[in-house]
Amino acid sequence: MTLQQMRYFVKVADYGSISETAKRLFAAPSSISAAVRTVEEYYGVTAFVRTSKGVTLTAAGKELVIEFNGILNRLYYLDLKYEGKKGNKQSLFISAQHHIFGMDSFISMIKTIDLQDYHPGFHECKTSEVFTHVEKGWSDLGLIFFDSQSKGQIMQELRGRGIVFNHIAYRTAHVYLADTHPLASNKEIRGEELEAFPFITYDHVPGVNSAYTEMIIPYYKMNKVISVSDRAAAYSLMRHMHGFVIGSGYHTCDLAYRDILAIPLCEGATLELGWIVRNNYILSDAAQEFLKLLKKSETQL
């Protein structure tokens, strides 16, 4: 069985028709049918139910699609990561939680690259996605933070994934909010003061380990919770609905966000910040330069 046969199989599942798949991929219907038959024979399953209107996945077929998509997606990210390697193209992919250090160091690292071609990437995502990206090799490094209550569970999860955590610093939890927020003038904010305002979270979604959620204020009940997937949405809610986010307190030097403040949370949790990498992973020159800049930026705060 080949990767091309996997691709054909997944596309048939997407389009629900062998003839439509052949049309979209500019391939012969017989080639598509042969690929599907090869997959079914290889695994000894019936993946599709054939009807006059097309094909429908069986339970076994759905499982194969999930597995094939995982393989094909990983290959896609590897192609991105190593594209142009022979031409000495610099590449460094980093995954990070939202509202954490790293972006300024990433920008500084890129400025040090004295090449015509480079292809780095910085991806802000949910905590569980940071783990997956590093585990699967889609990212070279991951940047995370957590409080003492979730540390044990986080460390166990990382060990199970073959990932090593490297400590950088401890920081007091901060509240991110817009400068128009009623609490913006406070030097520090008490947890009970936040109850009247929408709490914005990136990780509070079904199926996600509770230890991953960026709920660093467990002692207070939040009555208004809004889940978002990106920082732009969070900033809009901060600016227009007096929403807030709990994070590490780091702030980018980008002036576009100068209206977003980071105020210490009174008696807030102490957060441990660090970087993660796969066990026995050899860091590239770009990765080592990034980490050097990251540690330097921490000592200056």
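Use the structure listed above.
Remember, it's a predicted structure, so these values are computed and weren't measured experimentally.

A. Local environment of the layout of surface pockets. Looking at the largest pocket, its volume works out to about 400 Å³. Lining the largest pocket are 22 residues, with I100, M103, D104, H251 and T252 sitting closest to its centre. Every element with two or more residues in the lining of the largest pocket is listed here: α5 (103-111) and α8 (231-241). Here the lining of the largest pocket is built from residues that sort into 9 nonpolar, 8 polar and 5 charged.

B. Structural view of the nonpolar core. Counting 51 residues, the largest nonpolar core has L143, L194, M238, F244 and F290 as its most contacted members. Among the elements that take part in this core, helix α9 (residues 285-299) stands out by supplying 6 residues, more than any other. Setting aside anything within four residues of it in sequence, one finds L194 in contact with V175, L183, I189, M222, F244, I246 and L265. Membership of the second largest hydrophobic core comes to 19 residues, among which are F9, V36, A47 and F48.

C. Fine view of the pairing of strand β2 (residues 54-57). Examined bridge by bridge, strand β1 (residues 48-51) and β2 share 4 bridges and lie antiparallel to one another. Its bridge partner lying in β2, R50 is registered against V55. Count of turn residues in the β1/β2 antiparallel hairpin: 2 residues.

D. Main features of helix α7 (residues 148-160). The terminal C-alpha atoms of α7, which comprises 13 residues, lie 19 Å apart, in line with the 18 Å expected from a rise of 1.5 Å per residue. Contact partners of the buried residues in α7: α6 (127-135), β5 (141-147), β6 (163-172) and β12 (270-278). Two residues or fewer past α7, G162 is found with a positive phi of approximately 75 degrees.

E. Representation of the pattern of salt bridges in the model. Summed over all chains, the structure comprises 11 salt bridges. A salt bridge links R24 to E20, with the nearest nitrogen and oxygen atoms 2.7 Å apart. Taken together, the positions of R24 and E20, both in helix α2 (residues 18-25) and 4 residues apart, correspond to about one turn of that helix. In this structure, E129 engages K126 in a salt bridge whose closest nitrogen and oxygen atoms are separated by 3.1 Å. Exposure remark for E129: the relative accessible area of 29% places this residue in the partly exposed category. Residues joined in a network through salt bridges with shared partners are E135, E157 and R161.

The rules we used
- Residues numbered from 1 in each chain as written.
- Predicted model: local features only at pLDDT ≥ 70, side-chain atom pairs only at ≥ 80, totals over all residues.
- Heavy atoms only, no water.
- 1 Å grid on protein atoms, 1.4 Å probe; cavity = no way out; pocket = protein on both sides within 12 Å on 5 of 7 lines; lining within 4 Å.
- Points joined across faces, edges and corners; volume = space filled by probe spheres on them.
- Helix = DSSP H or I, 4+ residues; strand = E, 2+ residues; numbered from the N terminus.
- Nonpolar A, V, L, I, M, F, W, Y, C, P; charged D, E, K, R; others polar.
- Core = buried A, V, L, I, M, F, W, Y, C linked by side-chain atoms within 4.5 Å.
- Buried < 20%, exposed > 50% of the residue type's maximum accessible area, 1.4 Å probe, protein only.
- Contact = heavy atoms within 4.5 Å.
- Pairing = 2+ DSSP bridges.
- Expected span 1.5 Å × (residues − 1).
- Salt bridge = Lys/Arg side-chain N within 4 Å of Asp/Glu carboxyl O.

Any link to function would need more than the numbers given here.
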